[in-house]
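Okay, here's what each chain looks like letter by letter:
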Amino acid sequence: MRIRIENGRVLDPASGRDEIGTVWIQDGRIQAVVPAGQPKEPLGEQPEGRDMPAEIQEIDAAGCWVLPGLVDLHVHFRDPGFIYKETLATGARAAARGGFTAVCPMANTNPVVDTPERVAELLKRAETESVVRILPIGAVTKGLAGEELTDMAGMKAAGAVAFSEDGKTVMNAALYRKGLEQAAALDMVVMDHCEDANLLKESVMREGTPAEARRVSGVSHASEDVITARDILLARETGARLHLCHVSTGASARMAAQAKAEGVRLTAEVCPHHFTLTYEDIPQGDTNFKMAPPLREKEDVEALRQGLKTGALDVISTDHAPHSEEEKARPYPEAPNGIVGSETAVALAVTELVETGVLTPLELADRMSFRPAQILGLPYGTLREGSPADVTIVDPAAEYVIDKNQFASKGRNTPFHGRQVRGKVLYTIVDGKIVYAAEEEEHD
Ligand code: DOR
Ligand code: ZN
Ligand code: ZN
């Protein structure tokens, strides 16, 4: 099977390519990218030993961006253990509908992904249950209990692409330091959820603040920033590759920029909700605006956008965190943290970052595809000839209203329902196969 994607704006950060052209896919690989105006057929288009020309599927991408498949470094698929919130299959379909061709599920399932066997099991299931590539993250401590390190070498051998305690911080700095040393010896990235558990416990509504008025718990900036600082220092001392998850404060963004400038092996991500909303956008008691870390202030949003622009903050990932309607219907203080993000990320990035001039389309492709793949050291995120044929086609001009009832995810917990946006995923192609096509959905 061959696919020919014609007339699109081909954006490939790996080579700096930004031009109208035709992308040819054959046998799961990018066969060729041919700039407009050149002969359409790539040279040597038939592999040896094949006498019948392969059937060609044509996609007209006029007016669209043709991007290397998007890579989401941070999702929660709740499988096993909490499949009423999301399964591997529904999470993967949501990712595909959102334009993602590869995703990294965090380890906070039940059981926790904390052994080589569980990593292997997840990968085995993904072969039949997932339409996108599953890149498992292993836990840093057994059972995410913060007491005993996991078998990182074993999990790496089984296929884990990184380690993370996401959902919480390993509060014992000495233990975390040992974990970072272990990961450094394996040349593996540790993805860091920065939230001081003790400061969090202390966080009460600050009297008289708008946060109180909106019944938002006063999770302070410091509860994130002290751990960002601690872990940058630990990464500096251990030489570990540290990736800051969901940076939400200006101070953490500045610390990240400085640490990088000083040679710490640091990378960082920003989630769409944190570059789009502030705490002032939270309607009274609406738990669909509750996540960890929480929505911050206008200066923070500005700093995150600037960080993404300069590259001090490397990638956009979603922290897709589905919860059931029943759980989110609890009173604000008791409702779980997290919002779904897979199916709104592209539209928010286009609307909030590209349309506003913060990022060029090529930079967007870098932050959502090439950079995340580079952080993991994987051969995705590029349209170079011979690369795995993971491609995302986006119509940047398509204007619509986000409708949570159309989500492929089981989760409906989004603060963006009813929001007018631009930027629609039309096709998602994984390994040379179309796993999502918007037009088919419209015909349903
Ligand atoms: O909002 C969040 N939800 N933040 C986290 O760190 C965990 C996640 C979840 O698992 O629901
Ligand atoms: Zn987290
Ligand atoms: Zn998370």
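Please read these numbers as outputs of a predicted model, since none were measured by experiment.

Participant: Lay out the site of ligand 1 with the relevant residues and their values.
Facilitator: The local shell around ligand 1 holds 13 residues, among which Arg 78, Asn 108, His 193, Ala 292 and His 323 are the closest. At a separation of 2.9 Å, an oxygen atom of ligand 1 approaches a polar side-chain atom of Asn 108. In isolation ligand 1 offers 290 Å² of accessible surface; the protein chains occlude 93% of this area. Looking at side-chain class alone, the shell around ligand 1 contains three nonpolar, seven polar and three charged residues.

Participant: Describe the pattern of salt bridges, listing the residues and the values that go with them.
Facilitator: One pass over the structure, following the stated rule, counts 29 salt bridges. Close ionic contact of Arg 133 with Asp 431 constitutes a salt bridge, the shortest N to O distance being 3.6 Å. Remark: Asp 431 occurs in the loop between β16 (420-430) and β17 (433-437) and Arg 133 occurs in strand β8 (residues 133-134); sequence separation between them is 298 residues. On the basis of relative accessibility, which here comes to 35%, the residue Asp 431 falls in the partly exposed class. For Asp 314, the salt bridge goes to Arg 371, with nearest N and O atoms at 2.4 Å. Within this pair, whereas Asp 314 is found in the loop between α10 (298-310) and β14 (315-316), its partner Arg 371 is found in helix α13 (residues 361-376), the two being separated by 57 residues in sequence. Asp 314 gets classed as buried once you look at its relative accessible area, which sits at 3%. We classify Arg 371 as partly exposed; its relative accessible area is 24%.

Participant: Run through the pairing of β16, naming residues and quoting values.
Facilitator: Pairing analysis gives eight bridges linking strand β15 (residues 391-401) to β16, with the strands arranged antiparallel. Opposite Asp 395, over in β16, you have Lys 424 as the bridge partner. Strand direction decides the pairing type here: β16 and β17, joined by four bridges, are antiparallel. The partner of Ile 429 across the bridge, within β17, is Ile 434. Hairpin connection, β16 to β17: the antiparallel pair is bridged by two residues, and Asp 431 has positive phi, about 55 degrees.

Participant: Please set out the confidence of the model for the protein chain residue by residue, giving values where relevant.
Facilitator: Close inspection of predicted coordinates is inappropriate for parts of the model with low pLDDT. Averaged over every residue, the pLDDT of the protein chain is 94; the share at 70 or more is 93%. For the stretch residues 204-208, pLDDT sits under 50, and the model shows seven contacts to residues farther than four places along the chain or on other chains.

Participant: Tell me about the coordination of the zinc ion (ligand 2), and please be specific about residues and values.
Facilitator: For the zinc ion (ligand 2), the full set of protein donor atoms is Asp 166 (OD), His 193 (ND1) and His 246 (NE2), and the range of their distances to it is 2.0 to 2.1 Å. With four donor atoms in place around the zinc ion (ligand 2) and angles of 83 to 125 degrees between them, the coordination shape is irregular. Within one chain, the residues donating to the zinc ion (ligand 2) are spaced in sequence as D-x26-H-x52-H. The zinc ion (ligand 3) is placed at 3.4 Å from the zinc ion (ligand 2), the two being bridged by Asp 166. Placement of Asp 166 in the loop between β10 (162-164) and α4 (173-185) and of His 246 in the loop between β12 (241-244) and α8 (250-261) is noted, with a sequence separation of 80 residues between them. As far as burial versus exposure is concerned, Asp 166 and His 246 are alike and both buried.

Participant: Mind laying out the coordination of the zinc ion (ligand 3), listing which residues take part and the relevant values?
Facilitator: Distances from the zinc ion (ligand 3) to its protein donors, His 74 (NE2), His 76 (NE2), Asp 166 (OD) and Asp 319 (OD), fall within 2.0 to 2.2 Å. Around the zinc ion (ligand 3) sit four donor atoms; with metal-centred angles ranging over 84 to 175 degrees, the donor geometry is irregular. Sequence positions of the residues that donate to the zinc ion (ligand 3) give the spacing H-x1-H-x89-D-x152-D. A residue is classified by how much of its surface remains accessible, and Asp 166, at 3% relative accessible area, is buried.

Participant: So what about the layout of surface pockets? Which residues, and what values?
Facilitator: Here the idea is plain: a probe the size of a water molecule rolls over the atoms and shows the empty space left. By volume, the second largest pocket is sized at about 290 Å³. Taken together, 20 residues make up the lining of the second largest pocket; nearest its centre are Arg 97, Glu 343, Tyr 400, Gln 406 and Lys 424. Looking at the lining of the second largest pocket, the elements with two or more residues in it are α12 (345-354), β15, β16 and α14 (438-443). Split by residue class, the lining of the second largest pocket holds nine nonpolar, five polar and six charged.

Calculation rules
- Residues numbered from 1 in each chain as written.
- Chains lettered and ligands numbered in written order.
- Predicted model: local features only at pLDDT ≥ 70, side-chain atom pairs only at ≥ 80, totals over all residues.
- Heavy atoms only, no water.
- Near = heavy atom within 4 Å.
- Polar contact = N/O pair within 3.5 Å; in protein donor to acceptor, adjacent residues only side chain to side chain.
- Areas by Shrake-Rupley, 256 points an atom, 1.4 Å probe, with all protein chains shown as cover.
- Nonpolar A, V, L, I, M, F, W, Y, C, P; charged D, E, K, R; others polar.
- Salt bridge = Lys/Arg side-chain N within 4 Å of Asp/Glu carboxyl O.
- Helix = DSSP H or I, 4+ residues; strand = E, 2+ residues; numbered from the N terminus.
- Buried < 20%, exposed > 50% of the residue type's maximum accessible area, 1.4 Å probe, protein only.
- Pairing = 2+ DSSP bridges.
- pLDDT = per-residue confidence, 0-100.
- Contact = heavy atoms within 4.5 Å.
- Donors = N, O, S within 2.8 Å, 3.2 Å for Na, K, Ca; no water.
- Tetrahedral: all angles 85-135°; square planar, octahedral: opposite > 155°, others 65-115°.
- 1 Å grid on protein atoms, 1.4 Å probe; cavity = no way out; pocket = protein on both sides within 12 Å on 5 of 7 lines; lining within 4 Å.
- Points joined across faces, edges and corners; volume = space filled by probe spheres on them.

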